[in-house]
Amino acid sequence: MATHAEIAIAPHRFAYGFYRQTWWNWLIGTAFFCGGLGAGLFLVSLATGEPVGMIAGWLLVTVGKNTAHLFYLGRPERFWRAAMRPDRSWIARGIWATGFFAVAGFLCFAPHIFGPAWQLSGAAAAAVQGIAALSALFIMFYDGFVMNSSGAIPFWNSALLPLLVLLYASLGGTTLSLLLRAVTGGGQEHMAWLGLQEKWLLAGNALLLAAYLYRMSRWQPAARETVRLLLRGRFAWAFLGLVLAIGLGATLLLTFAAERFRSEALLPVIAACELTGDFTLLIVWLKSGLFSPQTAPHPLSASSKQESA
Amino acid sequence: MARLGMVIDLKRCVGCNSCTLSCKQENGTPAGMHYARVVTREVGTYPQTRRTFLPLLCNHCEDAPCEKACPTGATYIRADGIVMVAKEKCIGCRACAVSCPYMNRHFIEEGFLQQGYAAGELSPFEAMKFGAFEEGTMSKCTLCAHRVDEGLEPACVTTCPTDARIFGDWDDPDGKLQTLVRERNGWALLPECKTKPKVFYLDA
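Everything quoted here is computed from the prediction, not taken from an experiment.

1. Considering the interface of chain A and chain B
By a widespread convention, an interface's size corresponds to the accessible area lost as its parts come together.
Here is step 1: Listed by partner, the interface residues are 39 residues for chain A and 44 residues for chain B.
Here is step 2: Counting only elements with at least two residues in the side of chain A that touches chain B, the list comes to helix 3 (90-114) and helix 10 (304-308) of chain A.
Here is step 3: Looking at which element gives the most residues to the side of chain A that touches chain B, the answer is helix 10 of chain A, with three residues.
Here is step 4: Its residues placed into classes, the side of chain A that touches chain B shows 20 nonpolar, 12 polar and seven charged.

Written out as C-alpha cells, the structure is:
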C-alpha cells in the first residue's frame, strides 16, 4: 500500500497522485481579501464612529469585492442567479449579506456626505446600524464557510477556517482603521484601544494558524501534503516569509515600536506588512489546496480495501 | 424510478482508453476536456512492478456535493439519478468543481470553443458538437443521457472492448449491478467523502 510519502502531485488528470486546486485563483483571493478587509474596517469604524473608515470599508466591499467576483465569473451577466439558493449555498448567503450591507452600510454614512436630511430617526438608525453590523460580520467570516464546505479539499475542510478568516478580517480592519486615523487625523481618542486590539489580534492569529496547521498535519493525506507544501515545499517562501515573518512577526514588532516611540510614521509600514500577510494567506490557502488521489486498488497489496477505505 | 449507475470491473480493464475516446466522439468535448479518463499508476518495486488502470467518470452521486454547492440550481439530479448541468443557469463560479472530490467537472473557458483539435478552424464535426456547449459555464459527464433516453447504454459502456463497464439500475435488487457488487465485494471511490456514488469498482 502506498504511503503518503510516496504519493506525488499528479502532473495531469490521467496520472495518479494529489491534484492541485486550480479552479479558484487570485481573483477569488482578491474578492475574499477585499470583502474581509472592507467589512472589518467598516465594523471597526462603525463601532468607533469614524465615517471615513466606514466609507472606505463600504467601497472595498461593494466595489472591490464585487468587481473581483464579476471578473472571475464565467457568465457575469447572470450573477443575480447566484442569490437563488440561500437555503443551501454559502455563496448565495454571501450575496444576500453583501446586498444588505450595501444598502444599510450606505445609510450609515450617508448623513456625513449628503447632509442631515439623510439622518434617520433613533429607532430606524439603530436598526440600520444593526443590519449593517450583522451583514459586515457575516461578510467577514462567510468566505471560510464557502471554502470549508468543500469536502473535496481536506485542507479547507476545517471548522477553524471561518474563525481564521474572521480574525484576519478583524486584524486587517483594525490595521487599516489605525492608518486612516493617522492620515485623516480623526478619531484619535480610539488610537490606544485599537493599538491594543491590533496586538491581541496578531497574537490570536498566530495561535490560530499554529492550531490549524497542527490539526491539518494529523488529518487526511492531502491535508498533510498541503502542510508540507506550506512549511517546506513550493509555498514555503510565501507562507513562512510573507504570512508569518512579515504579516505577523514584522507587524507585531513594528506595532510595539510605533507605541514605544509614539511614531505614527510607522503606521503605513505596519499596514503594508499586515495587509501583505493577509492577502498572501488567502492566496496560498487557495493555491495549496489539494484533492485526494483517486484511489485504485494495489494489485500487489493483500488488501485493496484498506487503501480505498 | 430507476437509479442509473455503473460498475467497472478492474480485472477486465486493460487501460486502452477506448472509453476516453468514445466519450469524446459521442459528446464532442473540446480539446483537453475528458468526461471519461483512465488514471494509470505504476505500483510495486522492481522487478515486481506493474501498471494499474482506474477508469473514471462522474460518479452521479446521490448526495452530490456539486449539486449542494451550486448557488444557482444549475446543477440538478434527474429522476433517474443522472446529475446534469443546465448551462443556461450556470454562472461559471466553479463552486461545483471545487466541491467535487472526483474532479469530474469541466469549465469551458472563453475562446475554448474556437479551438479545434486541428490548428485553425473547427472541423464540421466540432462545429456541430460544440453547439451543445457554452463558454463560461461548467460541463460534465451526462452518463450519455441522450442515449439513455433512447434506451441505449452510454458510449463508454458500448465501446469497452473487454466489457469492463457494466451499466444498469441500482434499484433492481437482482440486476447486474447489485449482483456483481454483492458477489465480488465492490467498492466506491473516496468513501470518506460520503457522496453516495453510483459508480462502483470490482477488484483487479
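Next comes the rest of the account.
2. Here's the deal with unusual backbone geometry
All names here are of chain B.
Here is step 1: Omega for the peptide link from Y46 to P47 comes to 5°, which places this bond in the cis form.
Here is step 2: Within the secondary structure layout, P47 lies in the loop between strand 2 (37-45) and strand 3 (48-56).
Here is step 3: Even without being a glycine, M103 presents a positive backbone phi close to 50°.
Here is step 4: Within the secondary structure, M103 sits in the loop between helix 3 (95-99) and strand 6 (105-107).
Here is step 5: Backbone geometry at C144 places phi at a positive 50°, although glycine is not the residue there.
Here is step 6: Summarising the element assignment, C144 is placed in the loop between strand 7 (138-140) and helix 5 (145-148).
Here is step 7: C144 gets classed as buried once you count the C-beta atoms within 10 Å, which come to 23.

3. Thoughts on the sheet that holds strand 9 (residues 199-202) of chain B
Residues and elements named next belong to chain B.
Here is step 1: Taken in spatial order, the three strands make up an open sheet running 8-1-9, and their pairing is mixed. Each edge of the open sheet carries a strand with a single partner, namely strand 8 (165-169) and strand 9. Taking each pair of neighbouring strands and ignoring which way they run, the sheet shows an average axis angle of 25°.
Here is step 2: With five bridges connecting them, strand 1 (residues 4-9) and strand 8 associate as antiparallel partners. Considered in strand 8, the bridge of L4 is made with D169.
Here is step 3: Against the sheet, helix 7 (residues 176-184) touches strand 1, strand 8 and strand 9, its axis set at about 120° to strand 8.

What counts as what
Residues numbered from 1 in each chain as written. Chains lettered and ligands numbered in written order. Predicted model: local features only at pLDDT ≥ 70, side-chain atom pairs only at ≥ 80, totals over all residues. Contact = placed C-beta atoms within 7 Å. Helix = DSSP H or I, 4+ residues; strand = E, 2+ residues; numbered from the N terminus. Nonpolar A, V, L, I, M, F, W, Y, C, P; charged D, E, K, R; others polar. Buried ≥ 20, exposed ≤ 12 C-beta atoms within 10 Å, placed from the backbone. Pairing = 2+ DSSP bridges. Axes fitted to C-alpha atoms, helices over the stretch in contact; angles between N-to-C directions.

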